[in-house]
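# Residue-level structure breakdown
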Amino acid sequence: MAVLKITEFPERVLKQAGEPVEEFGAELERLVSEMFETMYAEEGVGLAAAQVGLPLRLFVMDCEGLRLVAANPEIVSAEGAQEGEEGCLSVGKVHAPLRRAERVRLRAQDVRGEVFEQEAEGLAARCFLHETDHCDGVLFIDRLTPLRREMVKRRFQKLRKWR
Ligand code: NI
């Protein structure tokens, strides 16, 4: 297993809608293991395939005790509202406040292709929305006001120069 390289804004794959996952088997299991390893190494709570350079509808997460693999994720319902800070490994973990739904129901396939539904609240619900967005080529900064988006981009560019 290996820790994979994180793709960063503005790499193109992050703006692409992912292709559906159609093959479930040893190769997908290996990819998922590497995605988990990469996510833990980077201290993230979720990681989508686009973030390791693969335009696929797939993410892994481990957030508030909820650890799962979601292939071909769909948001079935989203209710309520929460305020909170959000960040992304592909944007250098620069955070910004973003309003999201409070309760979210996700439908997806697991690593063996079995369809499941899972509900979450709070941070885990935020994670469902953030990672499913990645599968559609949407970054959290795309959901910010133009002013906030520019602030995040500028802070991220500065961080990149320093490393
Ligand atoms: Ni992200």
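One can find the structure itself at the top, above this paragraph.
Summarised in this report is the structure supplied together with it. Note that the structure is predicted; figures quoted are calculated from it, not measured. (Residues numbered from 1 in each chain as written. Predicted model: local features only at pLDDT ≥ 70, side-chain atom pairs only at ≥ 80, totals over all residues. Heavy atoms only, no water.)

### A word on the layout of surface pockets
Approximately 330 Å³ is the volume found for the largest pocket. Lining the largest pocket are 18 residues, and of these V45, G46, G87, C88 and H95 sit closest to its centre. Within the residue set of the lining of the largest pocket, elements represented by two or more residues are β4 (85–86) and α2 (122–135). With five residues, α2 is the single largest residue contributor to the lining of the largest pocket. In terms of residue class, the lining of the largest pocket is built from six nonpolar, six polar and six charged. Volume-wise, the second largest pocket comes out at about 160 Å³. (1 Å grid on protein atoms, 1.4 Å probe; cavity = no way out; pocket = protein on both sides within 12 Å on 5 of 7 lines; lining within 4 Å. Points joined across faces, edges and corners; volume = space filled by probe spheres on them. Helix = DSSP H or I, 4+ residues; strand = E, 2+ residues; numbered from the N terminus. Nonpolar A, V, L, I, M, F, W, Y, C, P; charged D, E, K, R; others polar.)

### Observations concerning the coordination of the nickel ion
Protein coordination of the nickel ion is provided by C88 (SG), H130 (NE2) and H134 (NE2), with donor distances spanning 2.1 to 2.2 Å. For the nickel ion, all donor residues lie on one chain, and their spacing in sequence is C-x41-H-x3-H. Here C88, found in the loop between β4 and β5 (96–97), pairs with H134, found in helix α2; they are 46 residues apart in sequence, far enough to count as distant. In terms of burial, C88 and H134 fall into one category: buried. (Donors = N, O, S within 2.8 Å, 3.2 Å for Na, K, Ca; no water. Buried < 20%, exposed > 50% of the residue type's maximum accessible area, 1.4 Å probe, protein only.)

### Description of the sheet that holds strand β7 (residues 115–121)
With antiparallel pairing, the five strands of this open sheet are ordered in space as β1-β2-β3-β6-β7. Single-partner strands in this sheet number two, and they are β1 (46–48) and β7. Neighbour-to-neighbour, the strand axes of the sheet open up by a mean angle of 40°, direction not taken into account. Bridge count between strand β2 (residues 58–63) and strand β3 (residues 66–79): six bridges; the pairing is antiparallel. (Pairing = 2+ DSSP bridges. Axes fitted to C-alpha atoms, helices over the stretch in contact; angles between N-to-C directions.)

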